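Geometric and topological summary
Each chain, written out:
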Amino acid sequence: MAKKTEALPNIIESFAEFKELKNIDKTTMISVLEESFRNVLAKMFGTDENLDVIMNPDKGDVQIFQNLEVVPDGEVEDPNLQIGLTDAREDNDPEAEIGEEHTREIIFANFGRRAILNLRQTLQSKILDLQKEAIYNKFKELEGQLVSGEVYQTWSRETLLLDAEKNELILPKSESIPRDFFRKGETVQAVIANVDNKNNNPKITVSRTHENFLKRLFERDVPEIADGLIYIRAVARIPGERAKIAVESYDERIDPVGACVGPKGSRIHGIVRELRNENIDVINYTSNPQLLIQRALSPAKVSSIRVDPTEMKAEVFLKPEEISLAIGKGGSNIKLASMLTGYEIDVYRDTEVDVAEEDIYLDEFKDEIDSWIIDKFKFAGMTTAKSVLKVPREKLIEDSKLDLEEETVDKVLEVLRAEFEEEED
């Protein structure tokens, strides 16, 4: 028979602490509380195997019952496991018999302040561990995602941000845009770059230089990207200076570049401001490496391209006045183009073509040359008439990328040469 339970001092407060914790479910809460009680009781009684701990989180109390074997009077060897017959019958169990189990309630509060203090310290330690584990699990799942934080303190090597739930976010100087300058209380956007839990001490590192930061800003400001109608295929950044982003639309009715820029640049302007006036080029993605490299080198106009997919290298030929545009200030344009396409790009001056003459894109010959043949030449890196004519006939026939019959090659050369012969006449 069990006696009426008396409220355990401070236990209600402990339950309240758990109820205020986020990301900790009720089942885990009860389990940890029970484990804390058992740890303390095991030290007091030598074992907790014969103890029943019943948690009552809604009421904020707990009941503890000890199950003892009834033995003849005078034969009690371990009072934590056994009880004499007379004592059992006097302990509100008049029908107790030898060999049976007698259950008595343990009033934890009767063990004094030291036991209660020990229990509370154990609980607080486990609560802290749960909080740290919950924070780590939450942010580990959010790696690569956009997050906002308020500037709490800035040091020479890093800035401390606090999110809406007062979680600490570390923004290292190396992960900041060069022109970043923060004031206390200012709201800062970044992406979660790394989350570790060394020695059970979660550390959340955020970044404003990571390519995912640019991706997430476009996802935030361009609804078509968030809805999955436009997909970001590649991103290249030199933080604070320049960036290139390749986008593709899954809906033919949507212009991916126009959607990302927005009416009068309304969408991209907000992103540029967030990136401290970083210059952003948005290009249409294509699976054709020659065409993708050509677009990535914009605003330079390419004469011809030769690619080696095996070595991931590309040789780009340009008119002399286009070379500086292709390279860009400090080599930024060609560097970003290489990062965006994955190709190592080398730029050459196109000396074989008279720069005073105008070249003609192959698409202009669609009336005389089938489109699929033109596409083959473009895939092989030859986008203009002169880029085809400067390649020896034998090499065109042997080119595995073209894979064209000898007669077809001769027909194409005949059409292209005729065009320039007419111009000379």
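Above: the structure in question.
The text that follows walks through the structure, step by step, so that each part is easy to find. Please read these numbers as outputs of a predicted model, since none were measured by experiment. (Residues numbered from 1 in each chain as written. Predicted model: local features only at pLDDT ≥ 70, side-chain atom pairs only at ≥ 80, totals over all residues. Heavy atoms only, no water.)

1. Concerning the side chain of Gln-189
Within the secondary structure layout, Gln-189 lies in strand β8 (residues 187–196). Here Ser-148 takes part through its side chain, which lies 3.1 Å from a polar atom of the side chain of Gln-189. Once residues within four sequence positions are removed from consideration, Gln-189 is found in contact with Leu-146, Val-147, Ser-148, Arg-208, Phe-213, Arg-220 and Glu-274. (Helix = DSSP H or I, 4+ residues; strand = E, 2+ residues; numbered from the N terminus. Polar contact = N/O pair within 3.5 Å; in protein donor to acceptor, adjacent residues only side chain to side chain. Contact = heavy atoms within 4.5 Å.)

2. Focus on the nonpolar core
One broad trend across soluble globular proteins is that nonpolar side chains are buried collectively. With 24 residues, the main nonpolar core has Ile-293, Leu-297, Val-316, Leu-318, Leu-340 and Ile-345 as its most contacted residues. Only β10 (230–238), α9 (289–296), β13 (302–308), β14 (313–318), α10 (320–327) and α11 (332–341) provide two or more residues apiece to this core. Per-element tally for this core: the top contributor is α11, with 4 residues. Contact partners of Leu-318, with chain neighbours within four places excluded, come to Ala-300, Lys-301, Val-302, Ser-303, Ile-323, Ala-326, Val-347, Tyr-348, Arg-349 and Asp-350. Core analysis: the next-biggest nonpolar cluster, separate from the first, contains 23 residues, Phe-213, Ile-232, Ile-268 and Val-272 among them. (Core = buried A, V, L, I, M, F, W, Y, C linked by side-chain atoms within 4.5 Å. Buried < 20%, exposed > 50% of the residue type's maximum accessible area, 1.4 Å probe, protein only.)

3. Examining the sheet that holds strand β15 (residues 344–349)
One open sheet holds the 3 strands; their spatial order is β13-β14-β15, and the pairing between them is mixed. Of all strands in the sheet, those with a lone pairing partner are β13 and β15, marking the two edges. Each adjacent strand pair in this sheet contributes to an overall mean axis angle of 20 degrees, direction not counted. Lying over the sheet, α9 contacts β13, β14 and β15, oriented at roughly 130 degrees with respect to β13. (Pairing = 2+ DSSP bridges. Axes fitted to C-alpha atoms, helices over the stretch in contact; angles between N-to-C directions.)

4. Structural notes on the packing of aromatic side chains
Taken as a whole, this structure holds 3 aromatic pairs when the rule is applied. Pairing Tyr-231 with Tyr-250 gives two aromatic rings, centres 6.3 Å apart and planes at 20 degrees, and the pair type is stacked. With Tyr-231 in strand β10 and Tyr-250 in the loop between β11 (242–249) and α7 (256–261), the pair connects residues that are 19 residues apart, well separated along the chain. According to the relative accessible area criterion, Tyr-231 is partly exposed, its value standing at 42%. When the ring centre of Tyr-152 is taken as origin, the NZ or CZ atom of Lys-184, which lies over that ring, is 4.2 Å away. We note Lys-390 situated over the ring of Phe-317; from NZ or CZ to the ring centre the distance is 4.7 Å. (Phe/Tyr/Trp six-rings, centres within 6.5 Å; stacked < 30°, edge-to-face > 60°. Lys NZ or Arg CZ within 6 Å of the ring centre and 35° of its normal.)

5. Topic: helix α4 (residues 113–140)
The end-to-end C-alpha separation of α4 is 40 Å, in line with the 40 Å expected for 28 residues at 1.5 Å each. Considered for burial, the residues of α4 that qualify are Ala-115, Ile-116, Leu-119, Arg-120, Thr-122, Leu-123, Lys-126, Ile-127, Leu-130, Ala-134 and Phe-139. (Expected span 1.5 Å × (residues − 1).)

6. Some points on the environment of Asp-163
With respect to the secondary-structure elements, Asp-163 resides in the loop between β6 (158–162) and β7 (168–172). On a C-alpha basis, the gap between Asp-163 and Val-147 in space is 7.9 Å, while along the polypeptide they are 16 residues apart. Aside from chain neighbours lying at most four places away, what touches Asp-163 is Phe-139, Ser-148, Gly-149 and Leu-169. In terms of polar contacts, Asp-163 uses its side chain to reach the backbone amide nitrogen of Asn-167, at 2.7 Å.

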